Amino acid sequence: MSSDVIVALIGLGGSAIGSIIGIMVSSKLTQYRLEQLEKKVEAHNRVVERTYELERSRDVVFEDIKGINHRIDDLEDFHKPKTS
């Protein structure tokens, strides 16, 4: 076997090993970034869920306030001095 063929085979092997290592590192980096993105999405979804719950609670409180205001108006009307 000539030295040119041996050098070419060594170069081919080195290129193949380098490519495989590069693909593996790139895959690990992509996986890591996906995990970080999933964490951010989960945090965002929790905020959206809490916001929805707060809005529902707010609506209930507003309805309670409306009822209380009506009761106050009724009491004020009841205790107004009657003019004859």
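That block above? That's the structure.
Conventions and cut-offs
- Residues numbered from 1 in each chain as written.
- Predicted model: local features only at pLDDT ≥ 70, side-chain atom pairs only at ≥ 80, totals over all residues.
- Heavy atoms only, no water.
- Helix = DSSP H or I, 4+ residues; strand = E, 2+ residues; numbered from the N terminus.
- Rg over C-alpha atoms; globule rule 2.2 N^0.38 Å.
- Buried < 20%, exposed > 50% of the residue type's maximum accessible area, 1.4 Å probe, protein only.
- Areas by Shrake-Rupley, 256 points an atom, 1.4 Å probe, with all protein chains shown as cover.
- Patch = residues over 30% accessible without salt bridge, like charges linked within 9 Å, V, L, I, M, F, W, Y side chains within 5 Å.
- Salt bridge = Lys/Arg side-chain N within 4 Å of Asp/Glu carboxyl O.

A. Main features of the overall build of the chain. Helix and strand counts for the chain come out as one helix and zero strands. In summary, the chain has a C-alpha radius of gyration of 36 Å against a globular reference of 12 Å for 84 residues, an excess of more than 25%. By residue count, 0% of the 84 residues in the chain fall in the buried class. When the accessible surface of the chain is split by element, carbon and sulfur atoms take 63% of a total near 8100 Å².

B. Focus on a nonpolar patch on the surface. Taken together, Met1, Val5, Ile6, Leu9, Ile10 and Leu12 make up a surface patch of nonpolar side chains, about 650 Å² in accessible area. Position of Ile10 among the secondary structure elements: in helix H1 (residues 3-79).

C. Up close: the pattern of salt bridges. Taken as a whole, this structure holds four salt bridges when the rule is applied. One salt bridge in this structure joins Asp59 and Arg58, with 3.2 Å as the shortest N-O distance. On the basis of relative accessibility, which here comes to 43%, the residue Arg58 falls in the partly exposed class. Lys80 serves as the salt-bridge partner of Asp77, at 3.7 Å between the closest nitrogen and oxygen. The partly exposed category is assigned to Asp77, whose relative accessible area is 47%.

D. Inspection of the environment of Lys82 at higher detail. With respect to the helices and strands, the residue Lys82 is situated in the segment after H1. Residue classification places Lys82 among the exposed residues on the basis of a relative accessible area of 76%. Along the backbone, Lys82 and Ser19 are 63 residues apart, and their C-alpha atoms lie at a distance of 96 Å.

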